[in-house]
Amino acid sequence: MSDDAPYEEEINKLVAEHGAVPPPYVTFPDIHPFEISWRIGSGESYLMMYSAWSAKEGMGEAQWIEYFRKFPPPPIWLTWAIDCIWSVAEKVEENIGENSDDDHDEFNLDPLEFDYWCYFRRTAALGFGTESDCKRAWEENRERRKKKWEAWR
């Protein structure tokens, strides 16, 4: 049984409607990339279905670039798009190895925690967004979350 079998009906429906399975930020535009919603419930189910579809598609750099031309990432999702296009997480894991005890070496979608500078140059050239736009979106989100937390306490 293939990985996409449990999701085949939904994948087919989305592909018929959009030409591809839309990225998570299209389907759930108000959910931050780090929200718990991606680990439980409908967000988790969507990511699992999306992962099954993208693995089956086996897209390379050129295909991912065309995909993100169709579904431009909002600034807060730019690092996620970078990882899709250039497989940053895989490269980081290969270079670190399993013996690293340095938490700073871990891959992180947060552009304030992980250095994406060479990839931001590429996304800017492609018209997907800039480093400053992405970092500003993450900083604004942190401030909103901080204010919510302080109001809640």
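These lines cover the structure that appears in this document, whether it is placed above or below.

About the cut-offs
Residues numbered from 1 in each chain as written. Predicted model: local features only at pLDDT ≥ 70, side-chain atom pairs only at ≥ 80, totals over all residues. Heavy atoms only, no water. 1 Å grid on protein atoms, 1.4 Å probe; cavity = no way out; pocket = protein on both sides within 12 Å on 5 of 7 lines; lining within 4 Å. Points joined across faces, edges and corners; volume = space filled by probe spheres on them. Helix = DSSP H or I, 4+ residues; strand = E, 2+ residues; numbered from the N terminus. Nonpolar A, V, L, I, M, F, W, Y, C, P; charged D, E, K, R; others polar. Domains from an automatic or database assignment.

**Side note on the layout of surface pockets**
Reasoning step 1: Considered as a void within the structure, the largest pocket measures approximately 610 Å³ in volume.
Reasoning step 2: What lines the largest pocket is a set of 18 residues, and nearest its centre among them are Leu47, Ser51, Trp80, Asp83 and Leu109.
Reasoning step 3: Where the lining of the largest pocket is concerned, the elements lending two or more residues are α3 (41–57), α5 (78–86) and α6 (88–96).
Reasoning step 4: Considering each element in turn, the lining of the largest pocket owes the most residues, 4 residues, to α3.
Reasoning step 5: The residue inventory of the lining of the largest pocket, partitioned by class, reads 11 nonpolar, 3 polar and 4 charged.
Reasoning step 6: Three or more residues apiece are contributed to the lining of the largest pocket by two domains, here domain 1 (1–58) and domain 2 (61–95 + 110–152).
Reasoning step 7: Lining of the second largest pocket is provided by 14 residues; of these, Asp30, His32, Glu35, Asn141 and Arg144 occupy positions nearest its centre.
Reasoning step 8: Class assignment for the residues of the lining of the second largest pocket results in 6 nonpolar, 2 polar and 6 charged.

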